Amino acid sequence: MAEDSDLEKTESATPRRLQKAREEGQIVRSRELSTFALLAAGFFGVWGMSGSIGDHLESMLREALTFDHGAVFETRRMMIGAGAASREGLYTLLPILGFTGAAALLAPMALGGWLFSAKGLEPKFDRLNPIAGLGKIFSINGPIQLGMSLAKTLVVGVIGGTAIWNRREEILALATQPLQIALANTTHLIAVCCGMTVAGMFVVAAMDVPYQLWQFHKKLRMTKEEVKREHRESEGDPHVKGRIRQQQRAIARRRMMTNVPKADVVVTNPTHFAVALQYTDGEMRAPKVVAKGVNLVAARIREIAAENNVPLLEAPPLARALYHNVELNREIPGPLYGAVAEVLAWVYQLRRFKTEGGAVPMAPTGLDVPPELDKGGVSDDEADQEAADTLNPAVNSDNDDTSGASA
């Protein structure tokens, strides 16, 4: 019940909540704006076409008041005349009807836009609940709606009454004027009063539109818990996402470790960094990094390499440069070709020594590593974080094993 309390709904509606409300047919509407639009369209339409309307009405009256002795006693001819007069009146008012119809369609769209929702047509039997109806009457919205209605009546009445009172002498003078002049002045007075009424409705609509916008967004306000729940539903629970990432890293680490026995050499720092290199002549353009890590991951790479008789070479600058500048399952950059070539030459000499004997090859030292590629060491905390981040590329790697890990 606390979540449904208006006092706790302090958060603005999210875009998803607004979209859901729109799908259910809940959009901003202002009756006063629609009323003003209809009155304004009708008034300005009649005003702008007053000349044409007057000519058509004069023609209709002339035809209607013109009789001949034979037509008076023939019902059929009388009906034909009535039909012709009706068509003439429809043609006269058709532009006005078009203006008012367009206003009736466009005015609601000015606030909420065009919307057709079948959910708005679904019957809701809870609306027939008399207790809920009484609750709406005696709620805070009841007095507000009553106040708006009284304000509308007061504004329109004051403006219309002021317009008539200020022209009371002109109205009284109509009785002493000739017929043609009195009719013209009467039409002018009616137009002025109608225009003032339209102006009064404009004031009412200008007050009602901000209120309806405020009321609509207030109705859709959300509690902080609802916002959090919606975020979890749309973006996913951060705890679940973190658990998924952790599992992906673990799977990627296991996949990566299976490549260590296939490596030709593991270059170490010797404690913080370990990078496994592989090169197959004729299949690769350049050696590539098949595994890398820091701290605990590096220690595990060294253990697996020792268990599978993969040579280990202590070359701190080269290990750091490979770790920081080469992603998993990617070829080494050109500036490191020379240093890695010396390492692989030592590896091939070591293999020949194991099979053929002879002098033990000396491990290469003083490898040429560009200073800009050697980023130095990292702290233990940074190394642990970087070890976890290093495994992310393995999740998205093009390598088949790694792709299987992310799957």
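Residues numbered from 1 in each chain as written. Predicted model: local features only at pLDDT ≥ 70, side-chain atom pairs only at ≥ 80, totals over all residues. Heavy atoms only, no water.

Colleague: Honestly, the confidence of the model for the chain in this entry has me stumped. Any pointers?
Modeller: Should pLDDT be low for a region, the predicted coordinates there are not to be read in detail. Of the residues in the chain, 78% have a pLDDT of 70 or more, and the chain-wide mean is 76. Confidence drops under pLDDT 50 across residues 1–6; counting only partners more than four residues distant or on other chains, this segment forms 9 contacts. Every residue in residues 379–407 is under pLDDT 50, and counting partners more than four places away or in other chains gives 46 contacts. (pLDDT = per-residue confidence, 0-100. Contact = heavy atoms within 4.5 Å.)

Colleague: Please clarify how the sheet that holds strand β4 (residues 312–314) should be interpreted in this entry.
Modeller: In a beta sheet, neighbouring strands are held together by backbone hydrogen bonds and run either parallel or antiparallel to one another. As summarised here, the arrangement of the 4 strands in space is β3-β2-β1-β4, forming an open sheet in which the pairing is mixed. Only two strands of the sheet have a single partner each, and these edge strands are β3 (288–294) and β4. Geometrically, the sheet is characterised by an average inter-axis angle of 20 degrees between neighbouring strands, direction not taken into account. The sheet contact formed by strand β2 (residues 273–278) and β3 spans 6 bridges and is antiparallel. The partner of Val-275 across the bridge, within β3, is Lys-292. Most of the contacts of helix α12 (residues 296–307) go to β3, to which it runs at about 125 degrees, and overall it touches β1 (265–268), β2, β3 and β4. Running over the sheet, helix α13 (residues 316–325) touches β1, β2, β3 and β4 and is turned about 75 degrees from β2. (Pairing = 2+ DSSP bridges. Helix = DSSP H or I, 4+ residues; strand = E, 2+ residues; numbered from the N terminus. Axes fitted to C-alpha atoms, helices over the stretch in contact; angles between N-to-C directions.)

Colleague: When you look at the nonpolar core in this model, what are you seeing that I'm missing?
Modeller: One recurring pattern in soluble globular proteins: nonpolar side chains tend to sit buried together. Residues Leu-277, Ile-301, Leu-318, Leu-322 and Leu-336 are the most contacted members of the largest nonpolar core, which totals 43 residues. For this core, the elements supplying multiple residues, two or more each, are α11 (238–257), β1, β2, β3, α12, α13 and α14 (337–356). Ranked by residue count, the leading element in this core is α14, at 7 residues. Not counting chain neighbours up to four residues away, the residues in contact with Leu-336 comprise Leu-318, Ala-321, Leu-322, Val-369, Pro-370 and Leu-373. In terms of nonpolar packing, the next biggest core, distinct from the first, is built from 12 residues, Val-155, Val-156, Ile-159 and Val-198 among them. (Core = buried A, V, L, I, M, F, W, Y, C linked by side-chain atoms within 4.5 Å. Buried < 20%, exposed > 50% of the residue type's maximum accessible area, 1.4 Å probe, protein only.)

Colleague: Mind showing me how you'd approach the packing of aromatic side chains here?
Modeller: The description of two aromatic rings rests on the distance between their centres and on the angle between their planes. Under the counting rule described, the total for this entry stands at 4 aromatic pairs. Ring geometry for Phe-43 against Phe-44: centres 5.1 Å apart, planes inclined by 70 degrees, an arrangement best described as edge-to-face. Look at Phe-44 and you get partly exposed, because its relative accessible area is 47%. Over the ring of Trp-165 we find Arg-168, and its NZ or CZ is 4.1 Å from the ring centre. The aromatic ring of Tyr-323 is capped on one face by Lys-292, whose charged end is 5.0 Å from the ring centroid. (Phe/Tyr/Trp six-rings, centres within 6.5 Å; stacked < 30°, edge-to-face > 60°. Lys NZ or Arg CZ within 6 Å of the ring centre and 35° of its normal.)

Colleague: Looking at this structure, I do not really get the packing of helix α2 (residues 31–48) against helix α9 (residues 179–219). What am I missing?
Modeller: In the contact formed by α2 and α9, the axes pass within 8 Å of each other and the chain directions differ by 155 degrees. Judged by the inter-axis angle, α2 sits roughly antiparallel to α9. Crossing angle aside, the handedness with which α2 passes α9 is left-handed. Between α2 and α9, the residues in contact are Arg-31, Glu-32, Leu-33, Thr-35, Phe-36, Leu-39, Ala-40 and Phe-43 and Ala-191, Cys-194, Gly-195, Val-198, Met-201, Phe-202, Val-204, Ala-205, Asp-208 and Val-209, respectively. Partitioned by chemical class, the residues of the contact of α2 with α9 number 13 nonpolar, 2 polar and 3 charged. (Parallel < 35°, antiparallel > 145°, perpendicular 65-115°, else oblique. Left-handed = near helix turned anticlockwise from the far one by under 90°. Nonpolar A, V, L, I, M, F, W, Y, C, P; charged D, E, K, R; others polar.)

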